[in-house]
Amino acid sequence: MNLPGEGPIMFVGHYAAAIAAKAVEPRGPLWAYALAAQLVDVGWGALIITGVERFSVDPDLPGSALVLEHMPYTHSLPAAAAWSVLGALAARLVLRLPWAAAGMVGAVVFSHWLLDFLVHRPDLALWFGGPKVGLGLWDYPVPEQAVEIGLIAMAGAAWAWSRGRQGLGPIAAPAFIGFLVALQIIAMLLPADGNPVGTGVSAIGAFLAVTLAAAFADRPARRSSH
């Protein structure tokens, strides 16, 4: 999880899964994959606003200043699985995507927990009330950023190649990735905010902005024939 004001931690890295999914299964819209990549954190933003889930801020922590105290309904392993099923069903029933694309949406939702497992300190419950896990890459900000940018670069290259095979223009992939990197830089520069309403609103706003940018980047503009 990475939000505006958290510092240099996993934010745009989650979108690597969305971009890779678009490269593998282009029938799904990029905006749906982008929203799926952060669906768990959209739910988290809403639940911290209402006080159902809780966090605090410790500015002495390296990387991320967030102390994620209570988030069983979004970031436990069973909750992540449930959000994934919900995402896949919504993609199938609401967006009318083919089952393969809907399943990819669900896989992107679940990728959020897997990437969080890589970077979070042990705050991801394996089951409700169970032990909490996390490899803690947040504590090593430089390697964490290298992993994050590396994932985005590889996924972006795959998406650009996929677009080329479809005869689509080459600009969308680097433009969208540039937008994500700019957001990451802004997130790194902003101080941590311990206000749950402010954090929740800014987080959801950032995720929706990326979703809109993804819809714009996914427009079917074709290469010029001249």
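As the structure is a computational prediction, the values presented were derived from the model and not from experiment. (Residues numbered from 1 in each chain as written. Predicted model: local features only at pLDDT ≥ 70, side-chain atom pairs only at ≥ 80, totals over all residues. Heavy atoms only, no water.)

## Section: the overall build of the chain
Counted only if it meets this: Put simply, DSSP H or I for four residues or longer makes a helix, DSSP E for two residues or longer makes a strand, and each gets a number counted from the N terminus. Radius of gyration here is computed from C-alpha atoms only, and the compact-globule reference equals 2.2 Å multiplied by the residue count raised to the power 0.38. The buried label applies to any residue whose accessible area, calculated with a 1.4 Å probe on protein chains only, is under 20% of its type's maximum; exposed applies above 50%, and partly exposed to all values in between. In what follows, residue pairs with any heavy atoms lying within 4.5 Å of each other are defined as contacts. The method behind every accessible area is Shrake-Rupley, applied with a 1.4 Å probe, and residues are considered shielded solely by the protein chains displayed. We treat Lys and Arg as the positive residues and Asp and Glu as the negative residues; His and chain ends play no part in the count. Lysine's charge is taken at NZ, arginine's at CZ, aspartate's at CG and glutamate's at CD.
Within the chain one finds nine helices and four strands. Secondary structure of the chain in N-to-C order comes out as α-α-α-β-β-α-α-α-β-β-α-α-α. In terms of overall size, the chain behaves like a compact globule, its C-alpha atoms giving a radius of gyration of 17 Å where 226 residues would be expected to give roughly 17 Å. C-alpha atoms of the chain, sized along the principal axes, occupy 55 × 35 × 30 Å. For the chain, the residues scored as buried account for 49% of the 226 residues in total. Across the chain, contacts joining residues at least 24 apart in sequence account for 68% of those joining residues at least 6 apart. Split by element, the accessible area of the chain, about 10,000 Å² in all, is 73% carbon and sulfur. Charged side chains of the chain number 12 positive and 14 negative; the gap between the two group centres comes to 20 Å.

## Looking at the packing of helix α2 (residues 30–37) against helix α6 (residues 99–119)
Any two packed helices are characterised by the angle at which their axes cross and by the distance between the axes. To be explicit about the condition: Inter-axis angles, ranging from 0 to 180 degrees, are taken between N-to-C directions of lines fitted to C-alpha atoms, where helices are fitted over the stretch in contact. Angle categories are assigned with fixed cut-offs, so that under 35 degrees is roughly parallel, over 145 is roughly antiparallel, 65 to 115 is roughly perpendicular, and the rest are oblique. If you view the pair so one helix is near and one far, a crossing is left-handed when the near helix is turned anticlockwise from the far one by less than a right angle, and right-handed when it is turned clockwise.
For the pair α2 and α6, interaxial distance at closest approach is 7 Å and the crossing angle is 30°. Put simply, α2 runs roughly parallel to α6. Pair α2 / α6 crosses with right-handed handedness. Here Tyr33, Ala36 and Ala37 of α2 lie close against α6, whose contacting residues are Ala101, Met104, Val105, Val108, Val109 and His112.

## Here we look at a nonpolar patch on the surface
The line we're drawing: Like charges are joined within 9 Å and nonpolar side chains (Val, Leu, Ile, Met, Phe, Trp, Tyr) within 5 Å, but only among residues with over 30% relative accessible area and no salt bridge; these make up the patches. Salt bridges, as used here, are contacts in which a Lys or Arg side-chain nitrogen is within 4 Å of a carboxyl oxygen on Asp or Glu.
Taken together, the side chains of Trp31, Val85, Leu89, Leu93, Val94, Leu95 and Trp99 make up a nonpolar region of the molecular surface, amounting to roughly 690 Å² of accessible area. Relative to the elements of secondary structure, Trp31 occurs in helix α2. Taking relative accessible area as the criterion, Trp31 reaches 30% and is therefore assigned partly exposed.

## Remarks on unusual backbone geometry
Here the phi dihedral of Arg96 falls at roughly 60°; this positive angle occurs in a residue that is not glycine. For Arg96, the position within the fold is in the loop between α5 (77–93) and α6.

## Quick look at the packing of α2 against helix α9 (residues 196–217)
Counted only if it meets this: Gly is placed with the polar residues, together with every amino acid not listed as nonpolar (Ala, Val, Leu, Ile, Met, Phe, Trp, Tyr, Cys and Pro) or charged (Asp, Glu, Lys and Arg).
At their nearest, the axes of α2 and α9 sit 7 Å apart, and the two run at 155° to each other. With respect to each other, α2 and α9 are oriented roughly antiparallel. For the pair α2 and α9, the sense of crossing is right-handed. The residues of α9 that touch α2, namely those facing Leu30, Trp31, Ala34 and Leu35, are Thr211, Ala214, Ala215 and Ala217. Considered class by class, the residues forming the contact of α2 with α9 number seven nonpolar, one polar and no charged.

## Comments concerning the layout of surface pockets
In plain terms, the rule: Residues are said to line a cavity or pocket when one of their atoms sits within 4 Å of a point; the points come from a 1 Å grid over protein atoms alone, cavities being sets where a 1.4 Å probe fits but cannot get out and pockets being open sets with protein on both sides within 12 Å along at least five of seven lines. Grid points are joined across faces, edges and corners, and a volume is the space filled by probe spheres set on the points.
Looking at the largest pocket, its volume works out to about 210 Å³. Contributions of two or more residues to the lining of the largest pocket are made by α8 (172–189) and α9. Ranked by the residues each element gives to the lining of the largest pocket, the list is headed by α8, at four residues. Per-class residue counts for the lining of the largest pocket are 10 nonpolar, one polar and two charged. Volume-wise, the second largest pocket comes out at about 180 Å³. Taken together, 13 residues form the lining of the second largest pocket, with Leu35, Gly87, Ala90, Leu95 and Val105 sitting closest to its centre. Of all the elements in the fold, those that place two or more residues in the lining of the second largest pocket are α2, α5 and α6.

## Structural notes on the confidence of the model for the chain
This is how it is decided: Confidence scores here are pLDDT values: one per residue, from the predictor, ranging 0 to 100.
Chain-level statistics for the chain give a pLDDT mean of 89 and a share of 92% at 70 or above. Below pLDDT 50 for its whole length, residues 1–9 participates in 59 contacts with residues either more than four positions away or in separate chains.

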